Amino acid sequence: MISTILIIGGGQAGAQAIDTLRREGFAGRLVLIGDEPELPYQRPPLSKKYLSGEMAADRLPFRHRAFYDEHRVELKLGKRAVRLDAAARQVTLADGENLTYDRLLLCLGAESRRLNCPGATLPGVHYLRGLIDVPPIQAGLKPQARIVIIGGGYIGLEAAATARKMGCEVTVLEMADRLMNRVVAPSVSRYFAEEHRAHGVNIICDTRVVHLAGQGRIERVVCADGGSHAADLVIVGVGAIATTELASAAGLACDNGIVVDEYCRTGDAAIYAAGDCTNHPSLHFGRRVRLESVDNAFEQAKAAALNLMDRSVAHDRVPWFWSDQFDNKLLIVGLSQDHDGQVLRGDPASRSFSVCYLKGRELLAVEAVNHSKDYMAARKLIADRTLLNVDKLADSAIALKEAI
Ligand SMILES: Cc1cc2nc3c(=O)[nH]c(=O)nc-3n(C[C@H](O)[C@H](O)[C@H](O)COP(=O)(O)OP(=O)(O)OC[C@H]3O[C@@H](n4cnc5c(N)ncnc54)[C@H](O)[C@@H]3O)c2cc1C
């Protein structure tokens, strides 16, 4: 009998698991352990409207406190789980409290990858992952302040757009030869670089930061090519690493994430994991992945919650992701890695286009820039493995859903 379920990690996945467990009838003891002091909240606004001050703090939590009370969820917030004894089915918190479980769900998320060059810990060098990171960044986003962003990925670019909208002088330094290079096509990188430049962001690619310099506080960012960029504040966005220490110290398999199967189960029958912290199989694409997206945390946590109650439900979804930069919305659905063909639909100059990735005639992924129709159609076409007519696909006058 499953009387007690513990969830460690009060982010997107943890909050969703609680919702599903109670909605689907779990009536036992339900405990949420989270090391952040706040009620579980949405992270995406932290680089967008919450950072700019356009969104109020009370809109961030998924649920108000009354929801947790009504649903008899014991909240242990501001408390870090420091030890997991899988044999004894026991979790120890930093304050010494021990909690036992029948089933455990790990929703530990990911942590910002840290820079380790000289000067990386100078005051004025910031990372953006949690609510606690926002006030010191906001305090520096003043008109004309010189903001250097290290890393031209989603978070760096969203922060760049927000800082620029707030009147800052913004420079983005990217090591690769183009923005978002690991996740989007060159045409999409080019489009976003042009958009940022048109808004006055200084985008510099092919440059490697080697030194953060300053007397007691960040003053400049120095690159291997000799470039030196004056900075009042630096935001580092160079990727994230799955949080796995608790799991690996307990003997659970970890390899770029906590290794789980399609039922979100670890190698221990009582322990499950969901969200950014997992390395899991994508059944649709036939490969293992680690994803950092709201959609994955939401869907995987839903499946995990059902499996915690012994309902056998595989996590089998085509993943999707979004990013907002200035007035542009980028929507990505599917995984493009195994493609053997690419088709551009529409003209980037029109500010609305999409890049379709194919394997033979099967659609694997779409990157849609300001084109929600293509994105919506792609979700279904990819999930159904519909074979496309490539000539029709290339004709943007034909709706994507009709390109069959
Ligand atoms: C600034 C920002 C912008 C983003 N924008 C987008 C976007 O536009 N679109 C999109 O799809 N995704 C976006 N994401 C990604 C998305 O927010 C994450 O994929 C999602 O939050 C993952 O949910 P999670 O529950 O797996 O992890 P998290 O939300 O990271 O939650 C994990 C929680 O576990 C806690 N924890 C870890 N270890 C312990 C421990 N030992 N004890 C107790 N608690 C612990 C952490 O502190 C954290 O609170 C963004 C992320 C950030 C940071």
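Bear in mind that the values here come from a model prediction, so they are computed numbers and not experimental data.

This next bit is on the nonpolar core. In terms of nonpolar packing, the biggest core is built from 44 residues, with Leu46, Ile147, Ile149, Val170, Val188 and Leu330 touching the most fellow members. Setting aside chain neighbours within four positions, we find Val188 in contact with Leu330, Phe353, Val355, Glu367 and Val369. Within the second largest apolar cluster, 27 residues are counted, among which are Ile7, Leu105, Ala297 and Ala303.

Okay, the site of the ligand next. Around the ligand, 32 residues are found, and the nearest of them are Asp35, Glu36, Arg43, Lys48 and Asp276. In this structure, an oxygen atom belonging to the ligand sits 2.8 Å away from a main-chain N or O atom of Ala13. In the complex, 95% of the free accessible area of the ligand, which totals 1000 Å², lies under the protein chains. Put simply, the parts of the chain that give the shell around the ligand at least two residues each are α1 (12–23), α5 (154–165), α8 (294–308) and β22 (320–325). Considered class by class, the residues forming the shell around the ligand number 12 nonpolar, 10 polar and 10 charged. Each of two domains, domain 1 (4–111 + 241–308) and domain 2 (114–236), supplies a minimum of three residues to the shell around the ligand.

The next point concerns the domain arrangement of the chain. You can read the domains of the chain as domain 1 (4–111 + 241–308), domain 2 (114–236) and domain 3 (327–402). Inter-centroid distance (C-alpha atoms) of domain 2 to domain 3 is 30 Å. Contacts between the two partners involve 10 residues from domain 2, matched on the other side by 14 residues from domain 3. When the two sides are added together, the surface that domain 2 and domain 3 hide from each other amounts to roughly 900 Å², 64% of it contributed by carbon and sulfur. Three residues, Val188, Tyr191 and Phe192, lead the burial of domain 2 against domain 3; their summed loss comes to 48% of the area buried on that side. Summed over the shared surface of domain 2 and domain 3, the result is one salt bridge. Among the ionic pairs, Arg351 bridges to Glu195, the shortest N-O distance being 2.7 Å. Counting the contacts that link domain 2 with domain 3 gives six residue pairs in polar contact (both at pLDDT 80 or more). Ranked by the residues each element gives to the side of domain 2 that touches domain 3, the list is headed by helix α6 (residues 186–198), at five residues. In the side of domain 2 that touches domain 3, the residues fall into eight nonpolar, one polar and one charged.

This part takes up the sheet that holds strand β25 (residues 353–359). Taken in spatial order, the five strands of this open sheet run β22-β23-β26-β25-β24, and their pairing is antiparallel. Both edges of this open sheet fall to β22 and β24 (341–345), since each of them pairs with a single strand only. Pairs of neighbouring strands in the sheet enclose a mean axial angle of 15°, with direction left out of account. Pairing analysis gives six bridges linking β22 to strand β23 (residues 328–334), with the strands arranged antiparallel. Paired with Gln325 across the bridge in β23 is Asn328. Where helix α9 (residues 372–384) meets the sheet, it contacts β22, β23, β24, β25 and β26 (362–369), and its direction lies at approximately 160° from that of β26.

This next bit is on the pairing of β26. When you tally the buried positions in β26, you get eight out of eight residues, the bulk of the element. Examined bridge by bridge, β23 and β26 share five bridges and lie antiparallel to one another. The partner of Leu330 across the bridge, within β26, is Val369. Note that β25 and β26 share seven bridges and pair antiparallel. The partner of Leu358 across the bridge, within β26, is Leu363. Linking β25 to β26, which pair antiparallel, is a turn of two residues; within it Gly360 sits at a positive phi near 65°.

Take α9 next. In this model α9 runs 19 Å from its N-terminal to its C-terminal C-alpha over 13 residues, within 8% of the 18 Å that 1.5 Å per residue would give. Those residues of α9 that sit buried are Asp374, Tyr375, Ala377, Ala378, Leu381 and Ile382. Tucked into the core, α9 has its buried residues touching β22, β23, β24, β25 and β26. Looking at the residues trailing α9, positive phi occurs at Arg385, about 55°.

Our next topic: the side chain of Lys48. Turning to its location among the elements, Lys48 is positioned in the loop between β2 (29–34) and α2 (49–52). Within the local environment of Lys48, its side chain forms a polar contact with the backbone oxygen of Pro44, the two atoms lying 3.1 Å apart. What Lys48 contacts, discounting residues up to four positions off in sequence, is Glu158, Thr162, Trp322 and Asp324.

Thresholds applied
Residues numbered from 1 in each chain as written. Predicted model: local features only at pLDDT ≥ 70, side-chain atom pairs only at ≥ 80, totals over all residues. Heavy atoms only, no water. Core = buried A, V, L, I, M, F, W, Y, C linked by side-chain atoms within 4.5 Å. Buried < 20%, exposed > 50% of the residue type's maximum accessible area, 1.4 Å probe, protein only. Contact = heavy atoms within 4.5 Å. Near = heavy atom within 4 Å. Polar contact = N/O pair within 3.5 Å; in protein donor to acceptor, adjacent residues only side chain to side chain. Areas by Shrake-Rupley, 256 points an atom, 1.4 Å probe, with all protein chains shown as cover. Helix = DSSP H or I, 4+ residues; strand = E, 2+ residues; numbered from the N terminus. Nonpolar A, V, L, I, M, F, W, Y, C, P; charged D, E, K, R; others polar. Domains from an automatic or database assignment. Buried area = accessible area lost by both parts, 1.4 Å probe. Salt bridge = Lys/Arg side-chain N within 4 Å of Asp/Glu carboxyl O. Pairing = 2+ DSSP bridges. Axes fitted to C-alpha atoms, helices over the stretch in contact; angles between N-to-C directions. Expected span 1.5 Å × (residues − 1).

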